[in-house]
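Understanding the architecture of this molecule
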Amino acid sequence: MTERSPIGLAVTSVHRDPAEERPEPEDFLDKEVLVIGCGNVMIGDDGLGPAFIKHLEARGGAPAHVGLLDAGTGVRTVLFGMVLAEKRPKRIVIVDAVDMGRAPGEVFEIDLAEVPPLKADDFSMHQLPTSNLLRELRDQCGVEVRVVAVQVAWLPDELRGGLSDSVAASLERARELVERLY
Amino acid sequence: MAKTLTIAPVSRLEGHAKVTINLDDAGNVADTFVNIVELRGFEKFCQGRPVEEMPRIVTSICGVCPWSHHLASAKAADGVFGVTPTPTGRKLRELCNSVAYTEEHILHFFFLAGADFVLGPGADYKTRNVIGVAAAVPEIGKKVVHNRHLGARILNIVSGKSIHPVTAVPGGFSKPLTDHERDMALKMASEILEFAKFSIAWAKESVFPKYLDAVKTVGVIKTGYMGTVRPDGTMDLYDGKIRLMKPDGSFVDFDDTKYADYISEKVLPWSYLKFPYAKSWNEGFDMDLDHPKGVYRTNTLARLNVCDKLSTPMAQKEFEAFRQAFGRPCHLTLLYHWARLVELLYNAEYAVQLLKDPEITGRETRVAVKPRAGRGVGHVEAPRGTLIHDYETDDKGLVTNANLIVGTTHNNAPINMAVKQAAKLLIKGGKYDEALLNTVEMAIRAYDPCFSCATHNLDGRLAVRIDIHRPDGAVETMAN
């Protein structure tokens, strides 16, 4: 952690042609399928979701109709806008770490009804206490919602980044499962 | 027999909180506690990291107000390196700040607090949420979503990323804006401005008049205030002196590097969240409702109270009307919502103003920096209050010490006081119903609190306390 990498500190400007016509960045709401990696990269295995998106990107990304989104701790913003948006993906695949007493690193798909209450809060970010945004997306908006979960092994009491070995080893298995949902 | 009511979690807040209300034998409110139950902690996490990485790291702490942390961190890193960003770099940072503000304020007013106002505190709990608001006022619901989406698109255009931003760097901003990008963003920002104008006009006509009685009574406490101003007293959300105002309206302005001379933090055994107070008033700290000591507030109402004027014409007009109607300082807690709409208009106007500034597309967006031992304090006004990042580094530029005071933390004492005041007002003789309890929640929600990143202690205690008062006077304290 203490290795210095001062690359970029001496940069003063980036040379872009002011007249350059660069298109607006892609809107993830336009995608047919959206894979959303959720979690906090500072809380051990909770960083599974963001690590999973990086894992996919490092292996060539996804087909054109599929969007990959590292929502990190900002999933509220993503889902909140999606619930009431005029356009939205036909299917979303949430990839997240859960603690459901399974074997560490086990990859499995869960039904929304099985989402642990704490995670339901996470998904809805406390705005819909009697339901959650994922269920709203499915029931009110006609979006197919799939949840791919990985059983955590390590959630540190103090903030520390990095995945446990068993969860890191699950990334490839999670990719195989998620890609079947494209 | 004495009774303890518990409302948990307080819904439509960012993060967890638990309110405990202790009733006495007569069924009246004996005491209240707003308990923070979420454990977070990142100050320690920062130690040993290259300071230029901090602006990127802090956005992962919490997805609720990443831009505020990103910018306060970049400013603190500027201070460590001893550099001043280029004019273009500063304006790009300010542009992102203003656009992010519009997203947050629209969300909070219409969908978080909006459920209370649009549907009423007595509405069915199951429908008193964002979906309920959208169903009650569908056209407005669509506009809300559309305009928040526009904000996210602008941030994507300007910074490449809206969720976990990376473009504010020590010395400025890493991505210049092209003319074409500016044109796209300006069109969207102009649309947001139209919605901001609509929002405040609609609220003044259709929402606030119905709740003026509640505004004058619920959560009203007399405290001091804190915000940020330019040298001439103009409100500034990105930079300036911190102004600390006493409850009587007198104030002092100070540089953010001196914050420890003016504010201190009290630790109470039942909460993870510290209680900042105005140390410079030399009266200690007390949350007594009638005679509070050292208590000040931040966030929207505080900022309007401390400033002398606003820099954009339409918001200034609204500010003048607000001040004329409610005075200075205004202590009516529910007017945080009204002040939030004045700020929404200000930010929408300011974003358009910045995008029309030719300097916004300048090519020199940053200055070079060199690692060194130093201290840097950076502060911005986050939507939820004054956000201070304070870093110290060794000669390699690695963080040796980091202290953060976040917006919600400043409001910890006033939130507790406002809840107590509201509970005492609305719960008498043991009688209460869901509408009353939700009104207590309204007193909290006015502050738009975010507890996710406000809790820092790492000692393993859980911040819940339930006191049960027995008829014989004995008190049983339960903590978990």
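One can find the structure itself at the top, above this paragraph.
Residues numbered from 1 in each chain as written. Chains lettered and ligands numbered in written order. Predicted model: local features only at pLDDT ≥ 70, side-chain atom pairs only at ≥ 80, totals over all residues. Heavy atoms only, no water.

**Regarding the environment of A:Arg138**
Residue and element names in this part refer to chain A. Among the secondary structure elements, Arg138 is positioned in helix α4 (residues 133-141). Assessed through its relative accessible area of 34%, Arg138 is described here as partly exposed. Leave out the neighbours within four places in its chain, and Arg138 touches Asp111, Leu112, Val143 and Val145. (Helix = DSSP H or I, 4+ residues; strand = E, 2+ residues; numbered from the N terminus. Buried < 20%, exposed > 50% of the residue type's maximum accessible area, 1.4 Å probe, protein only. Contact = heavy atoms within 4.5 Å.)

**So, the pattern of salt bridges**
Per the counting criterion, the structure on display carries 33 salt bridges over all chains. Measuring nitrogen to oxygen at the nearest pair gives 2.8 Å for the salt bridge that ties B:Asp357 to B:Lys91. Taken together, the residues B:Asp357 in the loop between α13 (336-356) and β12 (374-382) and B:Lys91 in helix α4 (residues 87-112) connect sequence positions 266 residues apart. Judged by relative accessible area, which is 17%, B:Lys91 ranks as buried. Between B:Lys175 and B:Glu181 there is a salt bridge whose closest N-O contact spans 3.4 Å. Like B:Lys175, the residue B:Glu181 is buried in the burial classification. One network of salt bridges, in which partners are shared, links A:Arg59, A:Glu172, A:Arg175 and A:Glu179. (Salt bridge = Lys/Arg side-chain N within 4 Å of Asp/Glu carboxyl O.)

**Some words on the packing of helix α7 (residues 138-159) of chain B against helix α8 (residues 179-207) of chain B**
Residue and element names in this part refer to chain B. Their axes nearest at 9 Å, the elements α7 and α8 cross at an angle of 150°. Where α7 crosses over α8, the handedness of that crossing is left-handed. Contacts between α7 and α8 pair Ile140, Lys143, Val144, His146, Asn147, Leu150, Gly151, Arg153, Ile154 and Ile157 from the former with Glu181, Met184, Ala185, Met188, Ala189, Glu191, Ile192, Phe195, Phe198 and Trp202 from the latter. Among the residues making up the contact of α7 with α8, the classes are represented as 13 nonpolar, three polar and four charged. (Axes fitted to C-alpha atoms, helices over the stretch in contact; angles between N-to-C directions. Left-handed = near helix turned anticlockwise from the far one by under 90°. Nonpolar A, V, L, I, M, F, W, Y, C, P; charged D, E, K, R; others polar.)

**Brief notes about the nonpolar core**
Membership of the largest hydrophobic core comes to 145 residues, with the highest contact counts inside it found for A:Ile36, A:Ile92, A:Leu137, B:Phe110, B:Phe111 and B:Leu310. In this view, B:Phe110 contacts B:Ala115, B:Val133, B:Ile140, B:Val144, B:Phe195, B:Ser199 and B:Trp202; residues no more than four positions away in its chain are not counted. With 20 residues, the next largest nonpolar core counts A:Val33, A:Leu48, A:Val95 and A:Val148 among its residues. (Core = buried A, V, L, I, M, F, W, Y, C linked by side-chain atoms within 4.5 Å.)

**Overview of the packing of aromatic side chains**
All names here are of chain B. Across all of its chains, the model carries 14 aromatic pairs over all chains by this definition. Between the aromatic rings of Phe109 and Phe208, the centroid separation amounts to 6.0 Å while the plane-to-plane angle is 65°, which identifies the pairing as edge-to-face. Linking Phe109 in helix α4 with Phe208 in the loop between α8 and α9 (212-217), this pair joins segments that are 99 residues apart in sequence. By the burial criterion, Phe109 is buried, and Phe208 matches it. Among the aromatic residues, those joined into a ring-pair cluster are Phe109, Phe110, Phe195, Phe198, Trp202, Phe208, Phe322, Phe326 and Trp338. Positioned over the ring face of Tyr238 is Lys75, at 4.5 Å from the centre of the ring. Taking the ring centre of Phe251 as reference, the NZ or CZ of Arg243 above it sits at 3.8 Å. (Phe/Tyr/Trp six-rings, centres within 6.5 Å; stacked < 30°, edge-to-face > 60°. Lys NZ or Arg CZ within 6 Å of the ring centre and 35° of its normal.)

**With respect to the environment of B:Asn156**
Turning to its location among the elements, B:Asn156 is positioned in helix α7. Of the residues examined, B:Asn156 reaches a relative accessible area of 18% and is grouped as buried. Contact partners of B:Asn156, with chain neighbours within four places excluded, come to A:Pro25, B:Lys161 and B:Ser162.

Note that every value here comes from positions in space, so none of it alone points to a role or purpose.
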